[in-house]
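# Architecture and fold: a report
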Amino acid sequence: MMRMIGKAFAKKLFGAKYERLTRTLFMDVIVFWGLYIAGFQVQIASFIRVLMISTFTAGVMWQALSSKDNMVELTAMLMLPYRRREFIFAYVGVLGAYTVLTKTGLLFAVLLAVSAWNLVELVAMILCMIHAVLMAAAVYSVRRYWYTSGLWAAGIVAAILFLESRTWFCLFLLVNSLFAVLILWRADGYDFYQKESKKTHAIRQGKRATLWRYFFRYLSCHKNYLLNTAVMWCVALVLPYFFREMTGLSVIPVGFAILSLNTPICILLSCDPDLDQAVRFLPGQKRRFCIPYCLFIFLCNMAADVIFLCSWRIQNGSVTVHMIAGAVFFALQSAVLSVLLEWFYPIRDWKIESDLWHHPRKYVVPVVMLLLAGAVSSCPVLLPVLLALMAVEIVVLLIL
């Protein structure tokens with residue numbers, strides 16, 4: 001029975017013939033080999049690699065467990081007779097394999113290609129991936145005790161940062177993994193079931209019904225999207241500290257480009273196919289939807305940029321008019337490109353919400369922003385020209 005349950009979930013995540021898994025592993029090998037033969041090396045401390053692998057794997061695993069699209073299959077499975085422990089470990093095992101092989105695998109390949117490592121560190125990174133999967137599943141199953149789970153997660157981070165002995169650290173991972181297995185051993189399938197919220201983010205008809213209400217209702221129904229925005233605000237606070245040694249306008253655009261990496265608010269049509277179909281089907285909806293959507297993303301980006309500039313003013317000195325103009329440009333340019341990309345090239349082929357968050361398309365706009373940041377940093381005179389080009393893009397958006 002465990003094999004049948006695992007196979008059912010695996011076919012949904014990896015494809016009927018596991019073609020998605022084969023394609024992803026092939027891409028990981030290509031990325032590793034390309035970076036390795038290029039000879040590009042970066043000095044990365046061992047605990048930094050471990051922290052990156054652990055946090056990334058745990059985060060993706062949590063997204064997979066909380067995916068609403070995944071709840072459909074889970075609900076159908078729970079309606080059938082099942083053996084509790086077999087069901088739990090089959091479900092966690094398949095989601096863990098999906099997380100490690102299709103998401104963490106790329107980060108793992110990059111770290112192996114660009115940094116020096118030995119056999120012990122390789123084993124430690126593999127153990128970290130397995131441990132992060134078990135840890136995320138165990139914490140998710142007891143998420144109603146959020147305070148205990150938070151202390152447990154904080155203890156893991158402290159161990160990664162302060163346990164210098166690799167032997168003791170690997171032993172700690174093994175013991176903690178066994179503890180997570182014991183929690184899963186006592187768990188039930190309904191511990192992973194997420195009840196649908198009674199709130200709805202549908203667009204209602206009426207004089208007072210606006211897209212802005214829809215946007216804020218959508219965020220209120222997706223707390224992880226709000227969390228991602230809060231993380232970006234925290235990044236905006238600490239960036240000036242790291243840029244302290246590189247004072248001046250040249251580094252400011254790079255900060256604005258980094259703060260444009262807020263994926264959840266830029267995939268509204270991709271993650272809601274019903275909304276996408278309604279907007280494209282009804283007449284006159286292009287402008288009515290795209291303009292407010294662009295303004296919504298702009299305000300979200302601008303909030304992070306304002307926090308960044310305030311933090312810069314407190315830590316590093318005055319804020320000039322050019323900095324404010326750069327903040328407006330990068331926030332609006334990122335919003336315009338995100339809306340155009342979402343309208344003309346929405347993400348269609350995805351299985352669960354985690355695929356949307358980590359789709360390669362998410363890096364298109366930030367990469368463009370980084371290139372523009374480099375251009376503005378090397379030649380500040382380009383900023384007025386770019387503002388004029390952005391005005392042309394807005395006109396294009398208005399005549400969609």
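Reading guide: rules and limits
- Residues numbered from 1 in each chain as written.
- Predicted model: local features only at pLDDT ≥ 70, side-chain atom pairs only at ≥ 80, totals over all residues.
- Heavy atoms only, no water.
- Helix = DSSP H or I, 4+ residues; strand = E, 2+ residues; numbered from the N terminus.
- Buried < 20%, exposed > 50% of the residue type's maximum accessible area, 1.4 Å probe, protein only.
- Contact = heavy atoms within 4.5 Å.
- Areas by Shrake-Rupley, 256 points an atom, 1.4 Å probe, with all protein chains shown as cover.
- Axes fitted to C-alpha atoms, helices over the stretch in contact; angles between N-to-C directions.
- Left-handed = near helix turned anticlockwise from the far one by under 90°.
- Nonpolar A, V, L, I, M, F, W, Y, C, P; charged D, E, K, R; others polar.
- Core = buried A, V, L, I, M, F, W, Y, C linked by side-chain atoms within 4.5 Å.
- Patch = residues over 30% accessible without salt bridge, like charges linked within 9 Å, V, L, I, M, F, W, Y side chains within 5 Å.
- Salt bridge = Lys/Arg side-chain N within 4 Å of Asp/Glu carboxyl O.
- pLDDT = per-residue confidence, 0-100.
- Phe/Tyr/Trp six-rings, centres within 6.5 Å; stacked < 30°, edge-to-face > 60°.
- Arc of directions from axis to C-beta.
- Expected span 1.5 Å × (residues − 1).
- Polar contact = N/O pair within 3.5 Å; in protein donor to acceptor, adjacent residues only side chain to side chain.
- Disulfide = S-S within 2.5 Å.

## Things to note about the overall build of the protein
Regarding its fold elements, the protein presents 18 helices and zero strands. Going through the 400 residues of the protein one by one, you find that 45% of them count as buried. The contacts in the protein between residues at least 6 apart in sequence include a share of 83% that link residues at least 24 apart. Accessible area of the protein: about 21,300 Å², with a carbon and sulfur share of 70%.

## Some remarks on the packing of helix α5 (residues 84–114) against helix α6 (residues 119–141)
Where α5 meets α6, the axes come as close as 10 Å, and the angle between the chain directions of the two elements is 145 degrees. As α5 packs across α6, the resulting crossing turns out to be right-handed. Counting all contacts with α5, which are made through V92, G96, V100, T104, F108 and L112, the residues of α6 involved are L122, M125, I126, M129, V133 and A137. For the contact of α5 with α6, the class distribution of residues is ten nonpolar, two polar and no charged.

## A word on the nonpolar core
Counting residues in each nonpolar core, the largest one holds 57 residues, and the members touching the most others are F289 and F308. Here the element with the most residues in this core is helix α14 (residues 285–316); it accounts for 13 residues. Aside from chain neighbours lying at most four places away, what touches F308 is A236, L239, P240, F243, I252, G255, F256 and L259. Counting residues in hydrophobic clusters, the runner-up holds 48 residues, among them L95, L134, I156 and L173.

## Remarks on a nonpolar patch on the surface
Residues W168, L171, L174 and V175 make up a contiguous nonpolar surface patch of roughly 420 Å² in combined accessible area. Within the fold, V175 resides in helix α8 (residues 166–185).

## Let's talk about the confidence of the model for the protein
Per-residue confidence for the protein gives a mean pLDDT of 77; residues scoring 70 or more make up 84%. Here residues 197–209 is modelled with pLDDT under 50, and outside its nearest four sequence neighbours on either side it reaches 16 contacts, counting other chains as well.

## Some points on the environment of I183
Position of I183 among the secondary structure elements: in helix α8. Taking relative accessible area as the criterion, I183 reaches 19% and is therefore assigned buried. Taking the C-alpha atoms as reference, I183 lies 9.2 Å from A137; in sequence the two are 46 residues apart. With sequence-adjacent residues up to four places away left out, I183 is seen in contact with A138, S141, V142 and W152.

## Some details on the packing of aromatic side chains
For the structure on display, the rule yields nine aromatic pairs. Centroid distance F256 to F330: 6.1 Å. Interplanar angle 40 degrees. Geometry classified as tilted. Here F256, found in helix α11 (residues 252–258), pairs with F330, found in helix α15 (residues 321–344); they are 74 residues apart in sequence, far enough to count as distant. In this structure, F256 and F330 share a single accessibility class: buried. Look at F329 and F330: their rings are 5.0 Å apart centre to centre, the planes differ by 80 degrees, and that puts the pair in the edge-to-face class. A residue is classified by how much of its surface remains accessible, and F330, at 2% relative accessible area, is buried.

## Considerations on helix α13 (residues 273–281)
Among all positions in α13, only L275, D276 and V279 are buried. The arc that holds the buried residues of α13, viewed along the axis, is 100 degrees, so those residues lie on one side. Opposite the buried face of α13, at more than 90 degrees from it, the exposed residues are D274, Q277 and F281.

## What about the pattern of salt bridges?
A complete count under the given rule lists one salt bridge for this structure. Between E121 and R49 there is a salt bridge whose closest N-O contact spans 2.7 Å. Of this pair, E121 sits in helix α6 while R49 sits in helix α3 (residues 46–65), and the two are 72 residues apart along the sequence. For the pair E121 and R49, one class covers both residues: buried.

## Brief notes about α6
Between its first and last C-alpha, α6 extends 33 Å over 23 residues, near the 33 Å set by a 1.5 Å rise per residue. For α6, the tally of buried residues reaches 17 of 23 residues, placing the bulk of the element in the interior. N-cap assignment for α6: the residue whose side-chain oxygen lies 2.9 Å from the backbone N of E121 is N118.

## Re the environment of M302
Within the secondary structure, M302 sits in helix α14. What makes M302 buried here is its relative accessible area of 16%. Sequence spacing of M302 and L332 is 30 residues, and the spatial spacing of their C-alpha atoms is 8.1 Å. Ignoring anything within four residues of it in the chain, the contact list for M302 reads A327, V328 and A331.

## A short note on the state of the cysteines
In protein structure, a disulfide is the covalent linkage between the sulfur atoms of two cysteines. Across all of its chains, the model carries zero disulfides by this definition. C266 provides the cysteine sulfur closest to C300, a residue in no disulfide bond, and the two sulfurs are 8.5 Å apart.

## Description of the side chain of S141
For S141, the location among the structural elements is in helix α6. At a separation of 2.6 Å, a polar atom in the side chain of S141 contacts the main-chain carbonyl oxygen of A138.

## Thoughts on the packing of α15 against helix α17 (residues 364–378)
Any two packed helices are characterised by the angle at which their axes cross and by the distance between the axes. Two numbers describe how α15 lies on α17: the axes approach to 10 Å, and their chain directions differ by 145 degrees. Relative to α17, the crossing made by α15 is right-handed. Judged by residue contacts, F329, F330, Q333, S334, L337, S338 and L341 of α15 engage V364, V365, V368, M369, L372, A373 and V376 from α17.

## Some words on the environment of V376
Relative to the assigned elements, V376 resides in helix α17. Not counting chain neighbours up to four residues away, the residues in contact with V376 comprise P253, F330 and L386.

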